[in-house]
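# Tertiary structure, described
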Amino acid sequence: MARDVKAYPIYLKKINGIYAVWNDSIPIATQGKDLEEALYMAKDAIELMAYDAFCNGEKIIEPEEDAGTEDSYDIKNYVVCDLGRYFRLEDDSKVKKNCTIPESLAKAGEKKGLNFSRVLTYALEKELELV
């Protein structure tokens, strides 16, 4: 499994018929009218927080198993986020980049029928630890 799949602990408490969701170690708080919506909103909030950190060149907050919470809660659960997949789906627009490679690699790649854009994209994702 890719290392960008992370399980973040979350805490839920039913208040006035809605589920409040939070995690004290990462800056998210959200809610849902039912359990399913609350879990969906928590996943969305965590992925958005991580994407914002990534776009700003900041470190993505890692899940903390034993972070705990000072507040009382009804349910402790985990939200599984595939951050690499989220990042790729969030902005799939393409940009043209020019690069220089050794002639021997260019000829070998052309002979093999390689898609240079696909190879470079995969190499960048790997270098950036997105796959």
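First things first, this report covers the structure right here in the doc. (Residues numbered from 1 in each chain as written. Predicted model: local features only at pLDDT ≥ 70, side-chain atom pairs only at ≥ 80, totals over all residues. Heavy atoms only, no water.)

### Some details on the packing of aromatic side chains
- Tallied over the full model, the rule gives 2 aromatic pairs.
- Members of the aromatic cluster, connected to one another through ring pairs, are Y11, W22 and Y73. (Phe/Tyr/Trp six-rings, centres within 6.5 Å; stacked < 30°, edge-to-face > 60°.)

### Let's talk about the side chain of N23
- Along the polypeptide, N23 turns up in strand β2 (residues 18-23).
- Within the local environment of N23, its side chain forms a polar contact with the backbone oxygen of P9, the two atoms lying 2.4 Å apart.
- At 3.3 Å, the side chain of N23 forms a polar contact with the backbone nitrogen of I26. (Helix = DSSP H or I, 4+ residues; strand = E, 2+ residues; numbered from the N terminus. Polar contact = N/O pair within 3.5 Å; in protein donor to acceptor, adjacent residues only side chain to side chain.)

### Description of helix α4 (residues 116-127)
- For α4, with 12 residues, the first-to-last C-alpha span of 16 Å sits near the 16 Å given by 1.5 Å per residue.
- At the N-terminal boundary of α4, the capping side chain belongs to N115, with an oxygen 3.0 Å from the backbone nitrogen of S117. (Expected span 1.5 Å × (residues − 1).)

### Things to note about unusual backbone geometry
- Even without a glycine there, the phi angle at N16 is positive, about 50°.
- Looking at where N16 falls in the secondary structure, it is placed in the loop between β1 (5-15) and β2.

### Focus: the sheet that holds strand β4 (residues 75-82)
- With antiparallel pairing, 4 strands are arranged side by side in an open sheet as β3-β2-β1-β4. Edge strands, defined here as strands with exactly one partner in the open sheet, are β3 (28-32) and β4. Neighbour-to-neighbour, the strand axes of this sheet turn through a mean angle of 30°, independent of strand direction.
- Bridge count for β2 against β3 is 5 bridges, and the pairing is antiparallel. Bridge pairing in β3 links W22 to A29.
- Here helix α1 (residues 35-55) sits on the sheet in contact with β1, β2, β3 and β4, set at roughly 50° to β4. (Pairing = 2+ DSSP bridges. Axes fitted to C-alpha atoms, helices over the stretch in contact; angles between N-to-C directions. Contact = heavy atoms within 4.5 Å.)

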